[in-house]
Amino acid sequence: MKIVIATDGLVRATHGDAQYISGVPGYAGCLALTVPDSMPVEIGQAWSVSLTDAVTARVAEAAAACDAILAPLAARFGVYERDTWPAQLAEARALLADPTLADLPADTTGWVDPIPTIRTITAVTGEELGGFAAAVVKNNDDWLRVTAHVAGQRQAAVARLKACATLGAVLGVSLDFTLPS
């Protein structure tokens, strides 16, 4: 179970473990802690929180906030399509390094196609192999730039959290991450 503790040290709410409560506007400046489901908790109850537990909870909240901002971007693609991205990228780089790979015959009987994923996708989409390969590399670079921007914000927030000496300071660290422009 998760409990939400306000700056006055009182339990403000309880939630199930699976609920995403980071970023809920009504909980700004509060601390979300995970406690055993069997632990008796009442709304308004005073709750003592160690600095270590507060930092640990906020570090987890930072990770959840990072995931929350990136998840809608990743959700545009199915998990199985995303599973092909490493192969697409490797093949795209190989094709851009050696454009003659595009000239190999589509019938691969007796040989191993060095760009099977890209060749299969473009056979369905009708795109030109080189253009598709360039788009794959660009999309990968764009995705890495976006995720690195968000990850950098999370890492900076974690460093600030670990440097905190008081619960108030821990609660004062912003976890409002943004996407790059």
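Presented here is a report on the structure given in the accompanying data block. Quick caveat: nothing in here was measured; it's all calculated off a predicted structure.

### Quick look at the pairing of strand 2 (residues 11–15)
Here's step 1: Sheet topology note: the strand 1 (residues 2–5)/strand 2 ladder contains four bridges and is antiparallel. Directly across from Val4, in strand 2, lies its bridge partner Ala13.

### Overview of the sheet that holds strand 2
Here's step 1: Here three strands make up an open sheet; going across it, the order is 2-1-3 and the pairing antiparallel. Strands with a single pairing partner mark the edges of an open sheet, and in this sheet they are strand 2 and strand 3 (31–34). In this sheet, adjacent strand axes meet at a mean angle of 25° when their direction is disregarded.

### What about the pairing of strand 3?
Here's step 1: Burial along strand 3 is one-sided: Leu31 and Leu33 are buried, while Ala32 and Thr34, pointing the other way, are not.
Here's step 2: Bridging between strand 1 and strand 3 involves four bridges; their strand directions are antiparallel. Each bridged residue has a counterpart across the sheet, and for Lys2 the counterpart in strand 3 is Thr34.

### Observations regarding the pattern of salt bridges
Here's step 1: This model, assessed by the stated rule, comprises three salt bridges.
Here's step 2: The salt bridge involving Glu61 is made with Arg58; its shortest N-O contact spans 3.3 Å. Taken as a pair, Glu61 and Arg58 lie in helix 1 (residues 51–74) at a separation of three residues, close to a single helical turn. No difference in accessibility class separates Glu61 from Arg58, as the two residues are buried.
Here's step 3: Between Arg119 and Asp113 there is a salt bridge, with its nearest N and O atoms 2.6 Å apart.

### Things to note about helix 5 (residues 129–162)
Here's step 1: Relative to the 50 Å expected for 34 residues at 1.5 Å per residue, helix 5 spans 48 Å between its end C-alpha atoms, a close match to the ideal helical length.
Here's step 2: For helix 5, the capping residue at the N-terminal end is Glu128, with a side-chain oxygen 2.8 Å from the backbone nitrogen of Gly130.

### A look at the nonpolar core
Here's step 1: With 29 residues, the main nonpolar core has Ile3, Leu31, Leu33, Val41, Trp47, Val49 and Phe177 as its most contacted residues.
Here's step 2: The set of elements that each furnish at least two residues to this core consists of strand 1, strand 3, helix 1, helix 5 and helix 6 (167–172).
Here's step 3: It is helix 1 that provides the largest number of residues to this core, a total of eight residues.
Here's step 4: One finds Ile115, Leu129, Phe132 and Val136 within the second-largest nonpolar core, a separate group that totals eleven residues.

### Quick look at the environment of Phe177
Here's step 1: Turning to its location among the elements, Phe177 is positioned in the segment after helix 6.
Here's step 2: Distance in space between the C-alpha atoms of Phe177 and Ala157 is 9.4 Å, their sequence separation being 20 residues.
Here's step 3: Excluding anything up to four places from it in sequence, Phe177 contacts Ala62, Ala65, Cys66, Ile69, Gln153, Arg154 and Ala157.

The rules behind the values
- Residues numbered from 1 in each chain as written.
- Predicted model: local features only at pLDDT ≥ 70, side-chain atom pairs only at ≥ 80, totals over all residues.
- Heavy atoms only, no water.
- Pairing = 2+ DSSP bridges.
- Helix = DSSP H or I, 4+ residues; strand = E, 2+ residues; numbered from the N terminus.
- Axes fitted to C-alpha atoms, helices over the stretch in contact; angles between N-to-C directions.
- Buried < 20%, exposed > 50% of the residue type's maximum accessible area, 1.4 Å probe, protein only.
- Salt bridge = Lys/Arg side-chain N within 4 Å of Asp/Glu carboxyl O.
- Expected span 1.5 Å × (residues − 1).
- Polar contact = N/O pair within 3.5 Å; in protein donor to acceptor, adjacent residues only side chain to side chain.
- Core = buried A, V, L, I, M, F, W, Y, C linked by side-chain atoms within 4.5 Å.
- Contact = heavy atoms within 4.5 Å.

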